[in-house]
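Next come the chains, spelled out residue by residue.
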Amino acid sequence: MVILGFAENTIQLVPDGSLVLHVVLVLVMVGVLKITLYAPISLILEERERLGKHGLEAASAVLTRVEAKASQYEEALREARIEGYRFLELERQDALRWREQELGAVKEQTSGWTLAQLREIERQVAEAGTTLRAESGKSAVRICSEIMRRNSSGVAEYDFEE
């Protein structure tokens, strides 16, 4: 082995005591890195993951509340529309009833006015008939008297004193 130790540029196939030293140094270095670097990074990553999960849970809760509020809003809107349509239908029915009442009143007024006008026309016809009969009687008397006063020549004698 001593011969192998003196060979400077050759590869050493048998381990010596420095290997143990190197292994110890690597283990110490891994421990120091674990304490100084990996542990704080692990804590930061765990905190980030915890906050991320918390944020997701909070966002999920907010989304659930928003969906519930949207559902309530849509239901309230639907109810308001239904109530509005009911109100419109009631107003339409009231308007139709009022229209029918007004039409009935106008028909009644028109019927009464038409009947009054018809009676007035009948009265005027009766009055005209009476006047016409009286005038026709007078005219008949005059015509007869004119015909009777004619002389033989066929010329009528007129009496303008009347």
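Look up: the structure comes first, before these words.
Here is a short report on the structure shown in this document. No experiment lies behind these values; they were computed from the predicted model shown.

## What to know about the overall build of the protein
In step 1: When its secondary structure is counted, the protein shows two helices and zero strands.
In step 2: Of all 162 residues assigned to the protein, the portion counted as buried reaches 1%.
In step 3: For the protein, the exposed surface amounts to about 15000 Å²; the carbon and sulfur share of it is 65%.

## Focus: a nonpolar patch on the surface
In step 1: Taken together, the side chains of Met29, Leu33, Leu37, Tyr38, Ile41 and Leu45 present a nonpolar region at the surface, about 560 Å² in accessible area.
In step 2: Within the secondary structure, leucine 33 is located in helix α2 (residues 18–149).

## Some points on the pattern of salt bridges
Side-chain pairing between opposite charges can occur once the charged atoms of the two side chains come close.
In step 1: Counted under the stated rule, the structure contains eight salt bridges.
In step 2: Across the salt bridge formed by arginine 92 and glutamate 89, the nearest N and O atoms sit 2.7 Å from each other. In this pair, arginine 92 and glutamate 89 are both assigned in helix α2, three residues apart and thus about one turn of the helix distant.
In step 3: Of the residues examined, arginine 92 reaches a relative accessible area of 43% and is grouped as partly exposed.
In step 4: Each member of the salt-bridge network shares a partner with another, and the members are Glu120, Arg123 and Glu127.

## Structural notes on α2
In step 1: Compared with the 196 Å implied by 1.5 Å per residue over 132 residues, the 184 Å span of α2 between its first and last C-alpha is a close match.
In step 2: By the largest-angle criterion, lysine 34 marks the main kink of α2, which is about 45°.

About the thresholds
Residues numbered from 1 in each chain as written. Predicted model: local features only at pLDDT ≥ 70, side-chain atom pairs only at ≥ 80, totals over all residues. Heavy atoms only, no water. Helix = DSSP H or I, 4+ residues; strand = E, 2+ residues; numbered from the N terminus. Buried < 20%, exposed > 50% of the residue type's maximum accessible area, 1.4 Å probe, protein only. Areas by Shrake-Rupley, 256 points an atom, 1.4 Å probe, with all protein chains shown as cover. Patch = residues over 30% accessible without salt bridge, like charges linked within 9 Å, V, L, I, M, F, W, Y side chains within 5 Å. Salt bridge = Lys/Arg side-chain N within 4 Å of Asp/Glu carboxyl O. Expected span 1.5 Å × (residues − 1). Bend = angle between axes of the 7 residues up to and from the residue.

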